[in-house]
Protein chains: 4
Amino acid sequence: MKRSSLYFTEDHALFRQSVRQFIDQEIVPQTEEWETKRRIPHSIFRRMGDLGYLGLPFSEEYGGAGADFWFSVVFLEELARCGMGGFATAVSVHEYMAINHIAKAGSTDLKQRYLVPAIKGEKIAALGITEPDTGSDVSAIRTSARLDGDEYVISGAKTFISNGTYGDFITLAVKTKPEAGTNGISLMVVDLESAGISRTKLNKMGWHSSDTAEIRFDEVRVPATNLIGMQHMGFYYLMESLQLERLVAAVMAVSGAELALEWTLNYLHEREAFGRKIGMFQAIRHKIADVATEIEVARQFVYHTCWLFTQGEVVVKECSMAKLHTSEMQKRVVDTCLQFFGGYGYIEDYPICRAYRDARVGTIAGGTSEIMREIIAKVVMD
Amino acid sequence: MKRSSLYFTEDHALFRQSVRQFIDQEIVPQTEEWETKRRIPHSIFRRMGDLGYLGLPFSEEYGGAGADFWFSVVFLEELARCGMGGFATAVSVHEYMAINHIAKAGSTDLKQRYLVPAIKGEKIAALGITEPDTGSDVSAIRTSARLDGDEYVISGAKTFISNGTYGDFITLAVKTKPEAGTNGISLMVVDLESAGISRTKLNKMGWHSSDTAEIRFDEVRVPATNLIGMQHMGFYYLMESLQLERLVAAVMAVSGAELALEWTLNYLHEREAFGRKIGMFQAIRHKIADVATEIEVARQFVYHTCWLFTQGEVVVKECSMAKLHTSEMQKRVVDTCLQFFGGYGYIEDYPICRAYRDARVGTIAGGTSEIMREIIAKVVMD
Amino acid sequence: MKRSSLYFTEDHALFRQSVRQFIDQEIVPQTEEWETKRRIPHSIFRRMGDLGYLGLPFSEEYGGAGADFWFSVVFLEELARCGMGGFATAVSVHEYMAINHIAKAGSTDLKQRYLVPAIKGEKIAALGITEPDTGSDVSAIRTSARLDGDEYVISGAKTFISNGTYGDFITLAVKTKPEAGTNGISLMVVDLESAGISRTKLNKMGWHSSDTAEIRFDEVRVPATNLIGMQHMGFYYLMESLQLERLVAAVMAVSGAELALEWTLNYLHEREAFGRKIGMFQAIRHKIADVATEIEVARQFVYHTCWLFTQGEVVVKECSMAKLHTSEMQKRVVDTCLQFFGGYGYIEDYPICRAYRDARVGTIAGGTSEIMREIIAKVVMD
Amino acid sequence: MKRSSLYFTEDHALFRQSVRQFIDQEIVPQTEEWETKRRIPHSIFRRMGDLGYLGLPFSEEYGGAGADFWFSVVFLEELARCGMGGFATAVSVHEYMAINHIAKAGSTDLKQRYLVPAIKGEKIAALGITEPDTGSDVSAIRTSARLDGDEYVISGAKTFISNGTYGDFITLAVKTKPEAGTNGISLMVVDLESAGISRTKLNKMGWHSSDTAEIRFDEVRVPATNLIGMQHMGFYYLMESLQLERLVAAVMAVSGAELALEWTLNYLHEREAFGRKIGMFQAIRHKIADVATEIEVARQFVYHTCWLFTQGEVVVKECSMAKLHTSEMQKRVVDTCLQFFGGYGYIEDYPICRAYRDARVGTIAGGTSEIMREIIAKVVMD
Ligand SMILES: Cc1cc2nc3c(=O)[nH]c(=O)nc-3n(C[C@H](O)[C@H](O)[C@H](O)COP(=O)(O)OP(=O)(O)OC[C@H]3O[C@@H](n4cnc5c(N)ncnc54)[C@H](O)[C@@H]3O)c2cc1C
Ligand SMILES: Cc1cc2nc3c(=O)[nH]c(=O)nc-3n(C[C@H](O)[C@H](O)[C@H](O)COP(=O)(O)OP(=O)(O)OC[C@H]3O[C@@H](n4cnc5c(N)ncnc54)[C@H](O)[C@@H]3O)c2cc1C
Ligand SMILES: Cc1cc2nc3c(=O)[nH]c(=O)nc-3n(C[C@H](O)[C@H](O)[C@H](O)COP(=O)(O)OP(=O)(O)OC[C@H]3O[C@@H](n4cnc5c(N)ncnc54)[C@H](O)[C@@H]3O)c2cc1C
Ligand SMILES: Cc1cc2nc3c(=O)[nH]c(=O)nc-3n(C[C@H](O)[C@H](O)[C@H](O)COP(=O)(O)OP(=O)(O)OC[C@H]3O[C@@H](n4cnc5c(N)ncnc54)[C@H](O)[C@@H]3O)c2cc1C
């Protein structure tokens with residue numbers, strides 16, 4: 001059903017069509033291979049670079065499309081419809097979590113060396129914040145970078161790094177002034193092929209097509225010019241960009257939930273039990289009504305938050321709410337949907353099975369639900 | 001925090017201020033009296049008529065304000081902030097469920113006789129659909145109206161009728177062609193003082209300030225000109241206006257939930273246990289974060305549905321979702337909030353106590369959650 | 001369906017029959033009057049005293065029945081089946097929360113003066129712990145009793161005291177050594193007609209037949225011999241008896257939930273919608289299955305905890321779990337059940353309506369769910 | 001904490017110790033290998049046969065232990081503590097779902113040929129009911145067995161068959177009188193190496209160590225003496241044994257949930273965030289309290305149902321409730337627990353990650369939650 005929209009224009013609709021076609025034709029057929037091999041070929045990044053998908057929000061000066069935020073929303077929604085949380089993550093981390101730091105605060109030189117090839121899909125980017133001993137508490141990171149001449153020397157370890165195994169460079173959060181807590185963190189770009197780096201691929205429950213790594217840094221030398229923005233200001237850059245990250249996660253969560261519902265509706269129309277289509281059983285129908293409602297309701301909140309975001313409003317509360325609500329919602333929705341596939345829901349040939357494994361990380365990665373509640377409570381109560 | 005909005009203008013904001021002031025100054029102080037006496041004085045309707053609140057959406061020709069729908073949304077939100085579900089219902093049934101039928105399909109004569117005084121607050125209106133033996137299944141009503149000369153003769157019974165005890169007239173659904181099911185229902189206006197009518201006030205769990213009646217019709221004679229619109233078309237008029245009714249309920253549910261949260265936040269800042277404000281306990285904080293999130297999320301979906309409604313879109317699915325989601329949400333929210341008042345939450349002096357009793361009817365009146373799920377499933381699945 | 005039982009003998013079954021008959025014939029018919037008047041006549045206590053119900057667990061020396069704990073379980077289950085949380089509370093507070101302190105630690109003199117008439121139903125007892133400023137944190141009470149000659153002089157205030165308005169005496173927790181925290185609390189018996197006591201009845205959401213009072217003590221003089229057990233040891237007496245209190249609450253919660261289910265099953269077999277009994281709708285049936293399951297599951301845990309209790313095991317964890325789980329369960333169950341009554345569920349003529357108001361206090365009185373979680377977490381985690 | 005028990009004796013406790021030791025020493029260390037290879041070596045069945053574990057409930061005449069049911073409960077609880085749903089399933093299907101049919105209704109000859117070697121662990125058994133087109137509706141199976149001389153000729157397909165790939169024989173449900181519905185089903189033992197059988201291993205979300213197969217039967221010939229019990233009576237044999245199956249599933253679900261809680265408690269004591277053990281955060285503590293409560297409550301209901309079962313009572317309702325409640329509970333518990341591992345919960349090195357994948361099938365295999373609700377509603381309502 002075509003609907004009036006306050007957010008999307010005809011241009012967005014056309015763009016949606018083209019992305020959907022791309023995803024259907026060039027991504028979905030690769031699902032089994034990528035998920036089994038647990039990696040995505042570099043070539044698909046280059047292809048997406050060629051199509052302009054990797055530079056949507058960035059300035060044309062660096063090869064970006066300079067498109068308004070709703071194009072990104074459309075892109076992310078369609079991306080999530082590939083049905084592989086892993087692939088969707090790989091791309092969205094690259095574009096909206098790693099290189100956006102360079103685009104925002106990086107020097108022209110850094111932009112030329114990293115942003116431009118990343119937009120082209122020639123280099124794949126990762127974001128490195130979490131460490132083996134600290135995730136939720138970003139201020140407690142211990143990976144350090146000490147200035148030695150015109151180089152930083154980095155030691156420490158990061159973990160759970162998406163695109164960490166096969167990525168080319170990383171936007172890395174390090175302590176440049178260890179004793180200064182949140183005032184001693186800096187962001188810098190590090191080539192992942194640098195000497196002193198060792199990477200171990202992690203074996204995850206889901207997001208199989210995305211490679212996730214533990215990365216050890218042993219006296220890794222990086223040119224001082226790889227610093228992003230101002231020294232010791234990294235914590236604030238990170239906090240600021242978290243709103244975008246959470247919004248991106250929320251947009252994809254809603255779209256992923258909707259996809260799961262679509263698969264389920266199809267199955268309910270096909271499968272029979274006790275002489276009737278199982279979609280005729282009222283107990284199932286009422287749960288589908290609940291699920292459909294949950295998705296629609298969440299979607300409009302996410303759109304609203306996107307809109308506030310485009311208006312330059314402070315959206316810490318809304319983005320945290322969007323992340324919290326949609327990730328929990330997606331988990332519930334996919335769980336309910338899987339149930340109606342009976343035994344087949346447990347078999348990997350059915351995409352709902354993967355969706356279930358994929359959805360579980362939503363309430364953890366990018367800030368746990370507990371951390372979202374901490375932030376929201378602070379805004380609402382204090 | 002002032003926020004950009006896609007829906008509300010400065011005019012709406014000013015209007016909100018004036019309604020809020022009216023509610024705070026002229027309604028809230030009456031709470032105890034009205035709730036205890038279980039009735040609202042007619043005079044308050046007249047006062048609201050004078051202020052123009054009762055004719056917001058109606059044509060100026062009949063004394064209405066001809067204001068856009070967002071003024072109604074503002075009005076309903078502020079109305080719900082009186083903290084008496086009963087009063088809010090009395091007014092909203094009058095304006096958005098009973099007389100709107102006359103405004104929409106009634107003859108000019110009917111409008112002069114009933115719409116005009118209703119907008120002035122001189123006459124209070126009720127809506128009569130539900131019967132002792134049938135509520136969810138509107139097509140099964142049995143109250144009949146047979147044409148006898150230029151009068152209809154009505155027999156039967158209605159129940160759960162808001163404004164039924166003290167109201168002046170009722171928009172009544174009757175069977176004019178009993179054998180024709182949904183094609184045999186008509187709507188007509190009936191003076192509640194007519195001979196043959198007996199009314200019994202019902203003793204409800206909540207909504208105390210609202211009077212709810214069982215009404216018996218024993219050969220009640222009504223001028224044939226009191227028919228609203230076309231004979232036998234009543235079912236379709238009702239179905240059409242249900243969207244508005246459900247939207248109205250949804251708008252008030254969100255606002256009611258928010259009010260409950262506000263009371264609770266205040267209490268959390270005051271009350272101490274174990275040497276600290278109870279608002280410092282993390283277990284409470286995290287639930288408040290969830291509650292605040294639920295409210296914000298629901299609100300945006302309701303606004304979105306309102307907007308679709310103003311665009312003239314078919315909103316059967318969205319209005320049913322909004323009614324289902326917000327009434328269930330309000331129930332959960334108020335329950336969670338009450339808990340944090342400890343024993344005081346159970347004492348009638350605290351508004352949260354009334355809010356709990358009031359909220360329970362939300363998933364029943366105006367179409368139960370089960371019926372909402374039936375409708376949504378039909379749209380989504382069939 | 002008759003079932004083997006590990007806990008109940010034929011004697012218990014016979015006793016159950018007689019209590020059930022008593023409740024059905026002598027209590028249920030009084031429902032409307034007691035609930036409306038918001039009090040229970042003293043005479044019913046005397047009647048129950050005559051029947052031996054008020055001394056079930058107490059020694060025959062003081063007029064008790066010296067019956068094993070399972071008789072008390074039977075009694076409480078049947079008591080809850082009166083359908084008035086208020087009456088059930090009045091009786092159970094009297095017998096299992098107030099006078100049991102005297103039975104356990106009181107002097108022979110105290111027993112003769114208070115336990116004996118209480119068992120006869122001649123005097124009604126209350127328990128006074130909670131104060132306007134502190135409930136969950138018992139150690140923070142401020143009502144003080146200072147020894148003055150052979151009398152204690154009591155000043156302070158208690159609130160939410162069941163049987164507080166019409167009761168005859170109270171087992172009162174006071175600070176006898178204010179600076180000593182939990183080591184400065186004592187229990188003593190206070191006649192509620194004493195000079196210096198003023199009582200205000202509280203207007204509650206439910207438990208209407210039970211009177212609940214705020215009680216002010218203004219230099220109230222009490223014989224020193226009214227001290228229960230050892231001075232300054234009150235906190236430990238209270239903590240010990242909490243296990244029984246919570247078990248009592250749990251037993252009644254399960255029974256109350258089951259009663260609500262029974263009413264609902266009856267209604268589902270009677271009421272029709274869309275041409276069929278509403279008990280035929282699968283969406284309803286599945287929720288009934290869930291509700292029935294919740295009740296049966298909870299019941300066995302409560303029985304098991306009762307059994308452990310009779311074995312003299314430390315049951316702090318289990319009693320807290322039983323209280324937490326059953327009170328939350330009862331709330332959910334009654335809410336689900338009420339929904340299936342449609343509009344009638346909201347009308348006070350239907351007992352499910354009262355059950356809903358009554359059930360809400362379960363997660364608050366006798367220790368909130370949050371406090372139960374604190375205790376359980378401590379046992380399980382620390 | 002040692003506890004009195006109504007069910008378990010000192011002998012059971014000793015047996016528990018020995019099983020626990022076996023599981024810890026001989027099973028747990030194999031976890032990674034078996035889960036990765038997605039199979040269990042035959043040798044472990046022989047080892048368990050030697051230890052007497054595979055014949056616990058069976059007559060000593062056929063090599064069983066003739067032990068009371070509580071030994072089986074102990075065994076299943078400890079089995080589930082291996083932390084591999086797959087292994088636990090493989091063993092429990094073999095012993096409690098497949099060969100028990102032979103023990104119950106099989107001829108002495110069948111017992112000698114299949115039960116005896118199965119108890120020794122020399123032959124591994126499967127149970128074949130579900131078919132590609134029908135699972136919940138057992139009466140709709142289509143795999144047929146027609147008598148041809150002194151052999152049955154079997155055609156059709158089964159799916160989701162545990163132990164189906166590497167098992168040696170199968171207790172197979174077939175239609176011997178296709179037109180007779182539930183009165184036309186028979187059970188027979190079929191060697192899985194028979195000509196005409198082809199098996200395909202299924203790739204599941206969890207239960208990795210258990211092999212699950214689709215099995216096609218193409219004119220497979222089986223001696224008529226392989227019929228179990230009476231011809232055409234298979235449906236009733238299946239229905240009867242379902243109670244045991246569901247009880248077995250319930251026992252393991254509770255134990256599995258408890259194991260997940262134990263892992264989590266350990267992690268909460270180790271992991272730090274924001275300068276404290278995460279087990280100190282109240283929001284986490286309260287959820288742990290809920291989880292611990294859910295487990296204890298469920299456990300006692302399962303024990304109670306086991307006890308009723310040993311008393312020979314009709315336990316259709318209780319077993320269905322136990323299966324429904326514990327499988328849903330385990331899913332919730334493991335989900336909550338995983339969350340507290342943060343990112344590590346999503347990594348396969350952590351057993352909680354496997355537990356999450358494993359737990360999902362609980363509400364599907366052995367009868368879905370929807371089917372349980374159908375059964376319960378029938379007993380409770382009709
Ligand atoms: C698949 C995957 C991909 C990821 N990709 C990236 C990436 O590309 N780059 C990157 O930097 N990171 C990445 N992460 C890491 C992710 O952001 C962290 O896992 C997450 O922030 C949680 O941190 P943690 O795992 O250290 O959990 P912890 O911080 O150790 O938390 C453990 C538990 O304690 C709870 N907790 C913590 N503090 C509190 C509190 N104050 N109150 C109550 N509860 C609390 C948490 O909610 C959680 O339940 C990824 C993680 C995963 C699983
Ligand atoms: C305070 C109050 C004010 C009201 N005000 C008005 C008013 O002003 N005017 C007016 O006309 N009405 C009014 N109503 C009536 C209200 O709209 C009805 O109560 C409601 O529509 C439900 O109808 P019922 O009570 O007959 O329930 P029933 O239709 O008898 O339903 C009983 C139960 O069965 C369920 N059920 C019914 N059909 C199905 C199905 N197909 N599948 C699954 N479950 C089903 C319902 O959801 C419900 O749980 C009011 C009600 C209340 C309580
Ligand atoms: C109808 C009724 C009958 C009663 N009868 C009696 C009686 O006969 N005798 C008697 O002595 N008392 C009685 N009570 C009092 C009852 O026991 C208390 O209300 C209850 O213990 C809670 O105390 P409070 O109301 O002071 O709540 P508070 O202690 O003020 O608690 C407020 C909120 O804070 C939460 N909270 C408190 N501490 C923590 C924490 N550490 N972490 C997280 N959350 C926390 C609570 O759970 C609650 O949600 C009765 C109460 C009622 C409503
Ligand atoms: C890992 C695994 C191991 C298994 N092991 C075995 C085994 O060893 N042997 C064996 O025979 N089987 C086995 N099974 C099969 C299992 O018992 C079935 O999957 C299960 O009974 C459900 O059947 P189905 O998959 O055909 O689902 P369907 O019957 O197709 O059901 C699909 C959906 O419809 C719902 N539904 C069906 N009927 C109704 C209704 N009347 N009302 C409402 N909803 C309804 C179901 O609940 C489900 O959600 C196994 C399954 C799995 C996943």
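Here the structure is a predicted model, which means the values were calculated and not measured. (Residues numbered from 1 in each chain as written. Chains lettered and ligands numbered in written order. Predicted model: local features only at pLDDT ≥ 70, side-chain atom pairs only at ≥ 80, totals over all residues. Heavy atoms only, no water.)

**Things to note about the overall build of chain A**
Of the regular secondary structure elements, chain A holds 11 helices and 10 strands. Here the C-alpha coordinates of chain A stretch approximately 75 × 45 × 40 Å along the principal axes. Counting over 382 residues, chain A shows a buried share of 63%. As displayed, chain A has an accessible area near 13,300 Å², and 51% of this comes from carbon and sulfur atoms. For chain A, the distance from the average site of its 41 positive side-chain charges to the average site of its 49 negative ones is 4 Å. (Helix = DSSP H or I, 4+ residues; strand = E, 2+ residues; numbered from the N terminus. Buried < 20%, exposed > 50% of the residue type's maximum accessible area, 1.4 Å probe, protein only. Areas by Shrake-Rupley, 256 points an atom, 1.4 Å probe, with all protein chains shown as cover. Lys, Arg positive; Asp, Glu negative; His and termini not counted. Charge placed at Lys NZ, Arg CZ, Asp CG, Glu CD.)

**A look at the relation of the copies chain C and chain B**
For these two chain copies, the linking operation is a rotation about an axis paired with a shift along it. Rotating chain C by 180° about the axis while translating it 0.0 Å along that axis superimposes it on chain B, leaving an RMSD of 0.0 Å. Expressed as an axis order, the relation between the two copies is that of a two-fold axis. The position closest to the rotation axis in chain C is occupied by the C-alpha of arginine 357 of chain C, lying 3.8 Å away. A high fraction, 100%, of the interface residues of chain C reappear at the interface in chain B, so the copies pair face to face through one surface. (Least-squares fit on C-alpha atoms with pLDDT ≥ 70 in both. Contact = heavy atoms within 4.5 Å.)

**Details of the environment of alanine 195 of chain D**
Residues and elements named next belong to chain D. Turning to its location among the elements, alanine 195 is positioned in the loop between strand S5 (185-191) and strand S6 (197-201). Given the relative accessible area of 65%, alanine 195 is considered exposed. Along the primary structure alanine 195 and valine 220 are separated by 25 residues, whereas in three dimensions their C-alpha atoms are 6.1 Å apart.

**Things to note about the relation of the copies chain D and chain A**
When chain D is brought onto chain A, the operation consists of a screw motion whose angular component is 180° and whose axial shift is 0.0 Å, with 0.0 Å RMSD remaining. With an isologous cut-off of 70% or more, the 100% of interface residues of chain D that recur at the interface of chain A puts this contact in the isologous class.

**Quick look at the packing of aromatic side chains**
Two measures describe an aromatic ring pair: the distance that separates the ring centres and the angle between the ring planes. Considering all chains together, one arrives at 74 aromatic pairs over all chains under this definition. Here phenylalanine 15 of chain B and phenylalanine 71 of chain B contribute two aromatic rings whose centre-to-centre distance is 5.4 Å and whose plane-to-plane angle is 65°, an arrangement assigned as edge-to-face. Taken together, the residues span a long stretch of sequence, with phenylalanine 15 of chain B in helix H1 (residues 10-27) and phenylalanine 71 of chain B in helix H4 (residues 69-80) at a distance of 56 residues. Summarising the burial analysis for this pair, phenylalanine 15 of chain B and phenylalanine 71 of chain B share the class buried. Taking 4.7 Å as the distance between ring centres and 20° as the angle between the ring planes, the aromatic pair formed by tyrosine 7 of chain D and tryptophan 70 of chain D counts as stacked. Note that tyrosine 7 of chain D is positioned in the segment before helix H1 (10-27) and tryptophan 70 of chain D in helix H4 (residues 69-80), a separation of 63 residues in sequence. What makes tyrosine 7 of chain D buried here is its relative accessible area of 7%. (Phe/Tyr/Trp six-rings, centres within 6.5 Å; stacked < 30°, edge-to-face > 60°.)

**Points about the side chain of glutamate 77 of chain B**
Residues and elements named next belong to chain B. Counting through the fold element by element, glutamate 77 comes out in helix H4. A relative accessible area of 6% means that glutamate 77 is categorised as buried. Within the structure, the side chain of glutamate 77 is placed 2.7 Å from the side chain of arginine 16, a separation counted as a polar contact. Those residues in contact with glutamate 77, other than ones at most four positions away along the chain, are Arg16, Val251, Ser255 and Tyr303. (Polar contact = N/O pair within 3.5 Å; in protein donor to acceptor, adjacent residues only side chain to side chain.)

**With respect to the domain arrangement of chain A**
All names here are of chain A. Assigned domains within chain A: domain 1 (10-124), domain 2 (126-232) and domain 3 (235-381). Domain 2 and domain 3 are separated by 30 Å when their C-alpha centres are compared. Counting residues at the interface gives 17 residues for domain 2 and 13 residues for domain 3. Approximately 1,300 Å² of surface area, both sides summed, lies buried where domain 2 meets domain 3, with 69% of it carried by carbon and sulfur atoms. On the surface where domain 2 and domain 3 come into contact, there are zero salt bridges. There are four residue pairs in polar contact (both at pLDDT 80 or more) connecting domain 2 and domain 3. (Domains from an automatic or database assignment. Buried area = accessible area lost by both parts, 1.4 Å probe. Salt bridge = Lys/Arg side-chain N within 4 Å of Asp/Glu carboxyl O.)

**Considerations on helix H6 (residues 108-120) of chain D**
Residues and elements named next belong to chain D. Its 13 residues give H6 an end-to-end C-alpha distance of 17 Å, which sits within 8% of 18 Å, the value for a rise of 1.5 Å per residue. Of all bends in H6, the biggest is about 30°, found at tyrosine 114, and the proline proline 117 comes one to four residues later. The complete set of buried residues in H6 reads Leu110, Lys111, Tyr114, Leu115, Val116, Pro117, Ala118 and Ile119. Next to the buried residues of H6 lie helix H3 (42-50), helix H5 (85-105), strand S4 (169-175), S5 and strand S8 (227-228). Two residues or fewer past H6, glycine 121 is found with a positive phi of approximately 80°. (Expected span 1.5 Å × (residues − 1). Bend = angle between axes of the 7 residues up to and from the residue.)

**Here's the deal with the interface of chain D and chain A**
Taken together, the contact pairs 44 residues of chain D with 44 residues of chain A. Approximately 3,700 Å² of surface area, both sides summed, lies buried where chain D meets chain A, with 58% of it carried by carbon and sulfur atoms. Area buried by chain D at its contact with chain A is led by Met205, Gln339 and Tyr346 of chain D, which between them contribute 22% of it. Linking chain D to chain A there are four salt bridges. For arginine 360 of chain D, the salt bridge identified is with aspartate 335 of chain A, shortest N-O distance 2.7 Å. Put simply, chain D and chain A have 27 residue pairs in polar contact (both at pLDDT 80 or more) between them. Of all elements in the fold, only strand S3 (151-162), helix H9 (316-339), helix H10 (351-359) and helix H11 (369-381) of chain D reach the threshold of two or more residues within the side of chain D that touches chain A.

**Re the packing of helix H8 (residues 282-310) of chain B against helix H9 (residues 316-339) of chain B**
Residues and elements named next belong to chain B. Between H8 and H9, the least distance of the axes is 10 Å, while the angle of their chain directions is 160°. Judged on the interaxial angle alone, H9 and H8 are roughly antiparallel. The way H8 lies across H9 gives a crossing that is left-handed. Two secondary-structure elements touch here, H8 through Lys287, Val291, Glu294, Ile295, Ala298, Phe301, Val302, Thr305 and Leu308 and H9 through Glu318, Cys319, Met321, Ala322, His325, Thr326, Met329, Arg332, Val333, Thr336 and Cys337. (Axes fitted to C-alpha atoms, helices over the stretch in contact; angles between N-to-C directions. Parallel < 35°, antiparallel > 145°, perpendicular 65-115°, else oblique. Left-handed = near helix turned anticlockwise from the far one by under 90°.)

**Re the site of ligand 2**
The immediate surroundings of ligand 2 are formed by 32 residues, with Ser136, Phe160 and Thr368 of chain B together with Arg271 and Gly343 of chain C found nearest. Isoleucine 129 of chain B is positioned such that a nitrogen or oxygen atom in its backbone is 2.9 Å from an oxygen atom of ligand 2. Glycine 343 of chain C is positioned such that a nitrogen or oxygen atom in its backbone is 2.7 Å from an oxygen atom of ligand 2. For ligand 2, whose free accessible area comes to 970 Å², the fraction covered by protein is 95%. For the shell around ligand 2, the elements supplying multiple residues, two or more each, are strand S1 (125-128), strand S3 (151-162) and helix H11 (369-381) of chain B. (Near = heavy atom within 4 Å.)

**Concerning the environment of glutamate 245 of chain C**
All names here are of chain C. The residue glutamate 245 is located in helix H7 (residues 234-270) in this model. For the pair glutamate 245 and arginine 373, spaced 128 residues apart in sequence, the C-alpha to C-alpha distance is 16 Å. Not counting residues within four places of it along the chain, the set of residues in contact with glutamate 245 comprises Tyr96, Met97 and Leu127.

**Section: the site of ligand 1**
Within the structure, ligand 1 sits among 32 residues, and Ser136, Phe160 and Thr368 of chain A together with Arg271 and Gly343 of chain D are positioned closest to it. Residues lining ligand 1 come from chains A, B and D. A distance of 2.7 Å is found between an oxygen atom of ligand 1 and a side-chain nitrogen or oxygen belonging to threonine 368 of chain A. Expressed as a share of its isolated accessible area of 980 Å², the protein-covered part of ligand 1 is 95%. With three residues, the top contributor of residues to the shell around ligand 1 is strand S3 (residues 151-162) of chain A. Its residues placed into classes, the shell around ligand 1 shows 16 nonpolar, 13 polar and three charged. (Nonpolar A, V, L, I, M, F, W, Y, C, P; charged D, E, K, R; others polar.)

**Quick word on the nonpolar core**
Phe87 of chain A, Phe87 of chain B, Phe87 of chain C together with Phe87 of chain D are the most contacted members of the largest nonpolar core, which has 469 residues in total. Those residues in contact with phenylalanine 87 of chain B, other than ones at most four positions away along the chain, are Ile27, Trp34, Ile40, Ile44, Met48, Leu79, Cys82, Ser209 and Ser210 of chain B. (Core = buried A, V, L, I, M, F, W, Y, C linked by side-chain atoms within 4.5 Å.)

**Considerations on the state of the cysteines**
Throughout the structure, instances matching the rule amount to zero disulfides over all chains. For the unlinked cysteine cysteine 319 of chain B, the closest cysteine sulfur is that of cysteine 306 of chain B, found at 7.9 Å. A disulfide-free cysteine, cysteine 353 of chain B has its sulfur positioned 13 Å from the sulfur of cysteine 353 of chain C, the nearest such atom. (Disulfide = S-S within 2.5 Å.)

**A few points about H8 of chain B**
All names here are of chain B. Its 29 residues place the ends of H8 42 Å apart at the C-alpha level, agreeing with the 42 Å of an ideal helix rising 1.5 Å per residue. With respect to burial, H8 is a largely interior element, 25 of its 29 residues being buried. Following H8 by one or two positions, glycine 312 has its phi on the positive side, about 75°.

**With respect to the interface of chain C and chain B**
Of the residues lining the interface, 44 residues belong to chain C; the matching set on chain B comes to 44 residues. For the pair chain C and chain B, the summed buried surface comes to about 3,700 Å²; carbon and sulfur atoms form 58% of the total. On the surface where chain C and chain B come into contact, there are four salt bridges. In this structure, the salt-bridge partner of aspartate 335 of chain C is lysine 331 of chain B, at a minimum N-O distance of 2.7 Å. Our count for the chain C to chain B interface comes out at 27 residue pairs in polar contact (both at pLDDT 80 or more). Where the side of chain C that touches chain B is concerned, the elements lending two or more residues are strand S3 (151-162), helix H9 (316-339), helix H10 (351-359) and helix H11 (369-381) of chain C. In the side of chain C that touches chain B, the residues fall into 16 nonpolar, 13 polar and 15 charged.

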